[in-house]
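Results of the structural survey
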Amino acid sequence: MSNWRENYQERLVTPEQAVGQIKSGERVVIGHACGEPPSLIEALVNRAPELNSVEIVHMVAMGPAKYAQPGMEKSFRHNALFVGSSTRKAFEEKRADFTPCFFSEIPRLFKNNTLAVDVVLIQVTPPDEQGYCSFGISVDYTQAATECAKLVIAQINSRMPRTGGAKIHLDKIDLIVEKDEPLIELKPPEIGEVEKAIGENVAGLVPDGATLQLGIGAIPDAVLLFLKGKKDLGIHSEMFSDGVVALAEAGVITNRKKTSNPGKFIATFLMGTRKLYDFVNNNPNVELHPVDYVNDPYVIGLHESMISINSALQVDLMGQVNAEMIGSKQFSAVGGQVDYVRGSSRSMNGKSIIALPSTAAGGKISRITCELDRGAAVTTSRNDVHYVVTEYGAVDLRGKSLRARAEALIGIAHPNFRSSLMADAKEKGIL
Ligand code: COA
């Protein structure tokens with residue numbers, strides 16, 4: 001490697017100078033989730049009046065996503081790889097696009113030029129002695145985008161934790177912006193009684209020594225509350241949050257029994273509070289790797305007793321899981337759900353768990369339904385589904401006939417809906 005200090009000053013610019021290189025019509029990929037570079041995004045959005053049709057590719061946008069706000073559509077076209085709270089309206093109002101894709105395949109979309117990357121905006125740590133910066137809390141597709149982009153712009157932020165795993169050398173960064181600012185944080189969710197009951201049911205399926213993948217939100221955090229009595233759990237998860245830190249500090253998560261990467265917390269991105277970011281900073285047991293490794297079903301399947309825990313909006317009586325649409329409205333996306341469902345099913349003694357409250361809208365709607373809502377997509381297919389859990393219990397659908405699945409799922413539906421589900425199933429000829 002070159003002496004990176006030599007031309008550091010020449011590449012050091014202001015946020016405005018850096019994004020001043022972006023041209024109309026180019027595709028700009030933004031570093032993922034809480035790892036997005038706020039100063040660079042702000043400077044780019046400020047250029048809106050002079051830009052046309054800049055495509056902004058991002059997955060879980062945790063910042064304000066001003067490029068997707070009304071009035072920005074001439075300057076920026078947001079191409080969402082996941083729809084979240086800051087981008088949902090833009091897609092609904094046709095001011096943004098949504099591209100369905102498995103999280104694990106995004107690096108390939110960049111590498112084979114299906115989504116050719118012109119510019120990438122990332123946020124990294126200051127360089128170490130050898131000139132390597134850590135991607136901190138977002139390696140996922142961010143690292144692949146830096147390999148493919150014609151122009152790499154990095155915000156160097158000393159508040160970014162230095163994590164093990166993938167790094168980027170300063171030689172690969174074209175323009176450097178030094179700016180320290182707080183990282184975006186995800187506050188722990190509120191956990192209600194229903195989530196607690198679901199958490200307890202899920203925890204009953206987790207044996208000592210298991211390796212876990214946990215999604216985001218109240219249900220995964222509720223599960224963690226009920227794992228306090230377990231021994232030697234491990235983490236191989238697309239992401240993890242503050243709840244995992246608490247269990248690691250309590251000595252429950254040791255990663256000792258992992259059959260792949262033993263001793264290590266493996267993730268591809270992280271979202272949480274400063275507590276999480278401090279826990280992972282310079283922690284030799286935490287490694288972040290690209291998502292085409294961490295979410296590769298083959299890699300996931302190397303872990304014996306791999307347990308994946310994800311949520312859903314609806315499950316029909318055949319076991320088809322809708323985790324992304326409310327009716328015909330895109331609410332979120334597949335993310336890594338299917339990567340982990342498939343990976344866990346390859347794992348010896350593995351289980352994939354879809355955990356959801358039995359109702360929505362204050363108890364008015366059953367989430368166990370005879371059919372998925374008209375217009376809704378299937379996220380996890382009936383061929384892939386394994387365990388489904390609600391606050392009323394857990395059922396194993398694998399190897400079960402359609403008739404047996406329907407009976408099992410009605411058994412964990414809310415009691416207020418069981419008889420109508422039974423009647424619908426009979427009318428449809430399922431039972
Ligand atoms: N019909 C109508 N409304 C529904 C509904 C249904 N079947 N299911 C849920 N809703 C409503 C809820 O009432 C809630 O509304 P509110 O905010 O007004 O209370 C809202 O939709 C969100 O539901 P909730 O269950 O709180 O969602 P969540 O935040 O727990 O997220 C998923 C659940 C499924 C959207 C989320 O887990 C996800 O995006 N999964 C796919 C990606 C994935 O699994 N990734 C894996 C690893 S990160």
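In the block above lies the structure referred to throughout.
If you're wondering where the values come from, they're calculated on a predicted model, not measured in any experiment.

Right, let's get into the overall build of the chain. Each helix and strand counted, the chain has 15 helices and 25 strands in total. Burial statistics for the chain: of 431 residues in total, 60% are counted as buried. Pairs at least 24 residues apart make up 71% of the contacts formed inside the chain by residues separated by at least 6 positions. Total accessible area on the chain stands at roughly 17,100 Å², and carbon and sulfur atoms take up 49% of it.

The subject of this paragraph is the nonpolar core. Phe110, Leu227, Phe240, Phe265 and Ile353 are the most contacted members of the largest nonpolar core, which totals 83 residues. The residues touching isoleucine 353, leaving out its near neighbours within four places in the chain, are Val202, Leu205, Ile307, Ser308, Ile309, Asn310, Tyr387 and Val389.

Let us now look at the sheet that holds strand S1 (residues 27-30). Within the open sheet, the seven strands sit side by side as S4-S3-S2-S1-S5-S7-S10. Their pairing is parallel. The open sheet has two edge strands, strand S4 (96-98) and strand S10 (175-178), and neither has a second partner. When strand polarity is set aside, the average angle formed by the axes of neighbouring strands in this sheet is 20 degrees. Running at roughly 120 degrees to strand S7 (residues 151-156), helix H3 (residues 38-46) makes contact with S1, strand S2 (54-58), strand S3 (76-80), strand S5 (119-124), S7 and S10 of the sheet.

With that out of the way, let us pick up the side chain of lysine 258. Inspection of the secondary structure puts lysine 258 in the loop between helix H9 (242-249) and strand S13 (265-270). Glutamate 287 is the oppositely charged side chain nearest to the buried, salt-bridge-free lysine 258, at an N-O distance of 8.4 Å. At 2.7 Å, the side chain of lysine 258 forms a polar contact with the backbone oxygen of isoleucine 235. Not counting the four nearest positions on each side in its chain, lysine 258 is found in contact with Thr211, Gly234, Ile235, His236, Lys264, Ile266 and His303.

This brings us to the state of the cysteines. Scanning all chains against the criterion turns up zero disulfides. Take cysteine 133: it sits in no disulfide, and the sulfur closest to it among the cysteines is that of cysteine 148, at 19 Å.

Spatial ordering of the open sheet is given by S17-S16-S23, a layout of three strands whose pairing is mixed. Looking at the sheet topology across the chains shown, the edges are occupied by strand S17 (321-322) and strand S23 (368-369). Sheet topology places strand S16 (residues 314-316) next to S23; two bridges connect them, and they run parallel. When the sheet's bridge partners are listed, valine 315 is paired in S23 with isoleucine 368.

Moving on, we come to the site of the ligand. In the region of the ligand, 22 residues are neighbours, and Asn310, Ser332, Ala333, Gln337 and Arg367 sit closest. Here a nitrogen atom of the ligand sits 3.1 Å away from a polar atom, N or O, in the main chain of leucine 313. Between an oxygen atom of the ligand and a side-chain N or O atom of arginine 367, the distance comes to 2.7 Å. Partitioning the shell around the ligand into residue classes produces 12 nonpolar, eight polar and two charged.

Mapped onto the fold, lysine 351 is located in strand S20 (residues 351-355). For the buried residue lysine 351, which engages in no salt bridge, the nearest side chain bearing the opposite charge is aspartate 396, 8.4 Å off. Polar side-chain contacts of lysine 351 include one of 2.7 Å to the backbone oxygen of leucine 205. Not counting the four nearest positions on each side in its chain, lysine 351 is found in contact with Leu205, Pro207, Met306, Ile307, Ser308, Ser344, His386 and Tyr387.

Among the structural elements, proline 161 can be located in the loop between S7 and strand S8 (164-165). Considered as a pair, proline 161 and alanine 222 are 61 residues apart in the sequence and their alpha carbons are 26 Å apart. Sequence-distant contacts of proline 161, defined by excluding residues within four places in its chain, comprise Thr125, Ser134, Gly136, Ile137, Leu183, Tyr277, Val280 and Asn281.

Our next topic: the pairing of S20. For S20, a buried count of five out of five residues is recorded, marking the element as mostly surrounded by other parts of the structure. Every second residue of S20 is oriented toward a common face, with Lys351, Ile353 and Ala355 on one face and Ser352 and Ile354 on the other, all of them buried. One ladder, built from four bridges, connects strand S15 (residues 306-310) with S20; its direction is parallel. Residue asparagine 310 lies in a different strand from S20, and its bridge partner there is isoleucine 354. Relative to strand S24 (residues 387-390), S20 runs parallel, the two being bridged by three bridges. Bridge pairing in S24 places isoleucine 353 opposite tyrosine 387.

The residue serine 53 is not glycine, and still its phi comes out positive at about 50 degrees. Mapped onto the elements of the fold, serine 53 is located in the loop between H3 and S2. Take serine 53: its relative accessible area is 47%, and that puts it in the partly exposed class. Unlike most non-glycine residues, serine 305 shows phi in positive territory, near 60 degrees. Assignment of secondary structure puts serine 305 in the loop between helix H12 (297-301) and S15.

Cut-offs used in this document
- Residues numbered from 1 in each chain as written.
- Predicted model: local features only at pLDDT ≥ 70, side-chain atom pairs only at ≥ 80, totals over all residues.
- Heavy atoms only, no water.
- Helix = DSSP H or I, 4+ residues; strand = E, 2+ residues; numbered from the N terminus.
- Buried < 20%, exposed > 50% of the residue type's maximum accessible area, 1.4 Å probe, protein only.
- Contact = heavy atoms within 4.5 Å.
- Areas by Shrake-Rupley, 256 points an atom, 1.4 Å probe, with all protein chains shown as cover.
- Core = buried A, V, L, I, M, F, W, Y, C linked by side-chain atoms within 4.5 Å.
- Pairing = 2+ DSSP bridges.
- Axes fitted to C-alpha atoms, helices over the stretch in contact; angles between N-to-C directions.
- Lys, Arg positive; Asp, Glu negative; His and termini not counted.
- Salt bridge = Lys/Arg side-chain N within 4 Å of Asp/Glu carboxyl O.
- Polar contact = N/O pair within 3.5 Å; in protein donor to acceptor, adjacent residues only side chain to side chain.
- Disulfide = S-S within 2.5 Å.
- Near = heavy atom within 4 Å.
- Nonpolar A, V, L, I, M, F, W, Y, C, P; charged D, E, K, R; others polar.

The values reported here are purely geometric and, on their own, carry no functional implication.
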